[in-house]
Amino acid sequence: MRTDRAEALRRPLERDPLAAGLAPDQLALLRRMPKAELHLHLDGSLRPATALELARERDLDAGMDIAEMAERLIGPEHATNQAELLLAFDLPIAILQDAESLTRVSHELVEDVATDGTRYVEIRWGPALHVERGLSLRDGIAAVVAGARTGTAAVSAGGGPGIVVRLIAVALRSHAPGLSVAVAREAARFLGDGLTGFDLAGGEAAFPDPRLHAEAFALARAAGLGITIHAGEWGGAAQVRRALAVEPARIAHGAPAVDDPALMAELRTRGITLDLCPTSNTQAGIFPSYAAHPLPRLVRAGVSATLNTDDRTVSALTLTGEYARARAALGLSMAELWRLDRHALEVAFLHDDEALRSRLLAEFDAFAASQADLTTAAGPA
Ligand SMILES: [Zn+2]
């Protein structure tokens, strides 16, 4: 088992069993196409080499070598539940307790997603998880903002189209409501620095009711942050419905909504987007296999949705890889995948710069105009 997990991180997409059968020209197109990702966690996306270096500097490495570190950071292919998958975040959070480490991993994540052809990304993390060694909420947020900025600059300096980054501050279901209010308040100070969203995440079984954090959501909304919430990694459609109480613009996951036609109708009516992550959901044991993920049914039922990795390292995955799997294992057509990708820009937390959203959409459209595979009117593959 140990070597299997680390191997998954290095394996080229051509040898990914879940992407088997994908035509080489389609894989090449998925690599090349400009991509937008809205659901990506900083602490689930560390480079193993960086994690090892930071852990050694902080005396947290326990004698691990790089292979052992990779094993620690990658989640099980099939956990028994969400809580088991969340264990993969313990070491990254222990490592990331100072500004230097937060800035570095943020910078590197921006570079990594740009290398994968991502043109727009929203990176999220829980500022209140990084204060165990005395870092303040404000300094911790500033450290991630700084890493996003220098990472963006480094990508630009490398030539090519560059990358646009926005940040989402995550409050935790397990934390005291007052701490969530503090996160929302501090996050709102950075709205002008590209922090444009507020989220609630964490174990749903132990803390199912998001209304405990209603005050934090209200504060974030009033300050101008986009509202999203993790829901449906436990508890099925009822748990997704419960998330509607905080009036989110988007829901992270929410895939079990497919079991409740009335809920799907409500999502459509209210224009709420599900930021879906089939690989991560499979790892968390929500669905028995990748092929069983309801993404195609949700999309074809007209529910607003986007496709995302959730965690690049925990899931040993790139966004191109998730698109390749959705094509090969879920049977979405290239045109359906492209619509998901473009739609991410439409619902992105880019309300701080609508002109930039328009420019990105125009750029995506210009790319698609030269790719018949992406714009063909054909329905489901
Ligand atoms: Zn997530």
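Up top is the structure.
What you see is a predicted model, and the numbers here were worked out from it, not measured in a lab.

Draft legend 1. Main features of the overall build of the protein chain. What the protein chain contains, in helices and strands, is 18 helices and eight strands. Considering the protein chain as a whole, with its 381 residues, one finds that 52% of them fall into the buried category. A fraction of 74% describes how many contacts in the protein chain between residues 6 or more apart in sequence connect residues 24 or more apart.

Draft legend 2. Fine view of the pairing of strand β4 (residues 195-201). Of all seven residues in β4, seven are buried; the element is thus mostly enclosed. Note on the crossover from strand β3 (residues 164-172) through helix α9 (residues 177-188) to β4: the handedness is right-handed. Summarising the sheet, β4 and strand β5 (residues 226-231) pair through two bridges and their orientation is parallel. Counted as the bridge partner of F198 is I227 from β5. Of the crossover connections in this fold, the one passing from β4 over helix α10 (residues 214-223) to the parallel β5 is right-handed.

Draft legend 3. Region of the structure containing the sheet that holds β5. An order of β1-β2-β3-β4-β5-β6-β7-β8 is seen for the eight strands of this open sheet, with the pairing classed as parallel. Strands at the two margins of the open sheet, each flanked by one partner only, are β1 (35-41) and β8 (305-307). Along the sheet, successive strands turn relative to each other by an average axial angle of 25°, direction set aside. Taken together, the five bridges between β1 and strand β2 (residues 118-125) define a ladder with parallel strand orientation. When the sheet's bridge partners are listed, E37 is paired in β2 with V121.

Draft legend 4. Up close: the environment of L374. Topologically, L374 is positioned in helix α18 (residues 372-375). Judged by the 22 C-beta atoms lying within 10 Å of it, L374 falls in the buried class. In sequence terms L374 and F207 are 167 residues apart; their C-alpha atoms lie 41 Å from each other. Those residues in contact with L374 that sit more than four places away from it in its chain are M334, A335, W338 and A368.

Draft legend 5. Local environment of helix α4 (residues 66-73). Along α4, the positions that sit buried rather than exposed are M69, A70, R72 and L73. All buried residues of α4 project into a common sector of 160° when viewed along the axis, lining one side.

Draft legend 6. Unusual backbone geometry, seen in detail. Positive phi, close to 50°, is recorded for A62, a residue that is not glycine. A positive phi angle, close to 75°, is found at H253, a residue other than glycine. Mapped onto the elements, H253 comes out in strand β6 (residues 250-253).

Draft legend 7. Focus on the pairing of β2. Burial analysis of β2 places eight of its eight residues in the buried class, the great majority of the element. Examined bridge by bridge, β2 and β3 share six bridges and lie parallel to one another. The residue of β3 that forms the bridge with E122 is R166. Each parallel crossover has a hand, and for β2 linked through helix α8 (residues 137-157) to β3 it is right-handed.

Draft legend 8. Quick peek at the packing of α8 against α9. At a closest axis distance of 10 Å, the pairing of α8 and α9 adopts a crossing angle of 50°. As judged from the angle between their axes, α8 and α9 are oblique. Crossing of α8 against α9: the hand is right-handed. Together, L137, R138 and I141 of α8 and A182, V183, E186 and A187 of α9 make up the contact between the two elements.

Draft legend 9. Examining the environment of S280 more closely. The topology assignment puts S280 in helix α13 (residues 278-283). Judged by C-beta crowding, with 26 C-beta atoms within 10 Å, S280 ranks as buried. Expressed as a C-alpha distance, the spacing of S280 and A216, which sit 64 residues apart in the sequence, is 27 Å. With residues up to four places along the chain from it excluded, the contact list for S280 reads D310, D311 and S315.

Draft legend 10. A look at the packing of helix α2 (residues 24-32) against helix α15 (residues 319-328). For the pair α2 and α15, the least separation of the axes is 9 Å and the interaxial angle reads 140°. Regarding α2 and α15, the two cross each other, and that crossing is right-handed. On the side of α2, the interface is formed by Q26, L27, L30 and R31, while α15 contributes T320, Y323, A324 and R327. When its residues are assigned to classes, the contact of α2 with α15 shows four nonpolar, two polar and two charged.

Draft legend 11. Just helix α7 (residues 99-115), in detail. Helix length check: α7 (17 residues) gives 25 Å between terminal C-alpha atoms against 24 Å at 1.5 Å per residue, within 8%. Among all positions of α7, only S101, L102, T103, R104, V105, S106, H107, L109, V110, V113 and A114 are buried.

Draft legend 12. Spatial organisation of the environment of I66. Along the chain, the position of I66 falls in helix α4. The contacts of I66, once residues within four sequence positions are left out, are P48, A49 and L52.

What counts as what
- Residues numbered from 1 in each chain as written.
- Predicted model: local features only at pLDDT ≥ 70, side-chain atom pairs only at ≥ 80, totals over all residues.
- Helix = DSSP H or I, 4+ residues; strand = E, 2+ residues; numbered from the N terminus.
- Buried ≥ 20, exposed ≤ 12 C-beta atoms within 10 Å, placed from the backbone.
- Contact = placed C-beta atoms within 7 Å.
- Right-handed = clockwise from strand over helix to strand, strands pointing away.
- Pairing = 2+ DSSP bridges.
- Axes fitted to C-alpha atoms, helices over the stretch in contact; angles between N-to-C directions.
- Arc of directions from axis to C-beta.
- Parallel < 35°, antiparallel > 145°, perpendicular 65-115°, else oblique.
- Left-handed = near helix turned anticlockwise from the far one by under 90°.
- Nonpolar A, V, L, I, M, F, W, Y, C, P; charged D, E, K, R; others polar.
- Expected span 1.5 Å × (residues − 1).

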